[in-house]
Amino acid sequence: MLKVFLVEDEFVVREGIKNNIDWIGEGFVFCGEAPDGEIAYKMIQKEKPDIIITDIKMPFMNGLELSRLVTKEFPESK
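Everything numeric here is computed off the predicted structure, so don't read it as measured data.

Student: Help me understand the pattern of salt bridges in this model?
Tutor: Side chains carrying opposite charge are able to pair once their charged atoms draw close together. The tally for this structure, following the rule as stated, stands at 4 salt bridges. In this structure, the salt-bridge partner of Glu-47 is Lys-3, at a minimum N-O distance of 3.9 Å. Of this pair, Glu-47 sits in helix H2 (residues 37-47) while Lys-3 sits in strand E1 (residues 2-7), placing them 44 residues apart in sequence. Judged by its relative accessible area of 26%, Glu-47 falls in the partly exposed class. Among the residues examined, Lys-3 registers a relative accessible area of 27% and is labelled partly exposed. Of the charged contacts, one joins Glu-15 and Lys-18 as a salt bridge, the two residues approaching to 3.0 Å between their closest N and O atoms. Placement of the pair is Glu-15 and Lys-18 together in helix H1 (residues 11-20), with a separation of 3 residues, close to one helical turn.

Student: Explain the side chain of Arg-14 here, please?
Tutor: Examined against the element boundaries, Arg-14 turns out to sit in helix H1. The exposure class of Arg-14 is buried, given its relative accessible area of 9%. At a separation of 2.8 Å, a polar atom in the side chain of Arg-14 contacts the side chain of Glu-33.

Student: Mind showing me how you'd approach the packing of H2 against helix H3 (residues 63-73) here?
Tutor: A pair of packed helices can be characterised by two numbers: the angle between their axes and the separation between those axes. At their nearest, the axes of H2 and H3 sit 10 Å apart, and the two run at 15° to each other. On the basis of the axis angle, H2 is roughly parallel to H3. Crossing geometry of H2 relative to H3 is assigned as right-handed. When H2 is examined against H3, the residues Gly-37, Ala-40, Tyr-41, Ile-44 and Gln-45 are found in contact with a partner set consisting of Leu-66, Leu-69, Val-70 and Glu-73. Looking at the contact of H2 with H3 residue by residue, the classes come out as 6 nonpolar, 2 polar and 1 charged.

What counts, and at which threshold
Residues numbered from 1 in each chain as written. Predicted model: local features only at pLDDT ≥ 70, side-chain atom pairs only at ≥ 80, totals over all residues. Heavy atoms only, no water. Salt bridge = Lys/Arg side-chain N within 4 Å of Asp/Glu carboxyl O. Helix = DSSP H or I, 4+ residues; strand = E, 2+ residues; numbered from the N terminus. Buried < 20%, exposed > 50% of the residue type's maximum accessible area, 1.4 Å probe, protein only. Polar contact = N/O pair within 3.5 Å; in protein donor to acceptor, adjacent residues only side chain to side chain. Axes fitted to C-alpha atoms, helices over the stretch in contact; angles between N-to-C directions. Parallel < 35°, antiparallel > 145°, perpendicular 65-115°, else oblique. Left-handed = near helix turned anticlockwise from the far one by under 90°. Contact = heavy atoms within 4.5 Å. Nonpolar A, V, L, I, M, F, W, Y, C, P; charged D, E, K, R; others polar.

Functional significance is not addressed by these values, which are geometric in nature.
In structure tokens:
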């Protein structure tokens, strides 16, 4: 199963996505979540997810910066 990681600074949105998708039923494993790119990057290095769903506008490190770092270090992640 593919591992999915979620990055979203708004708690309600993050919880909504996390709790309203049947991850296992769709063939995925929900492997983690973070409220901003800075925290997410450290967690992504540990979890090595296959797919990262990220917000763009977030505090500390936005989704575009996160995407650049992840793409460089883990080019197989989408």
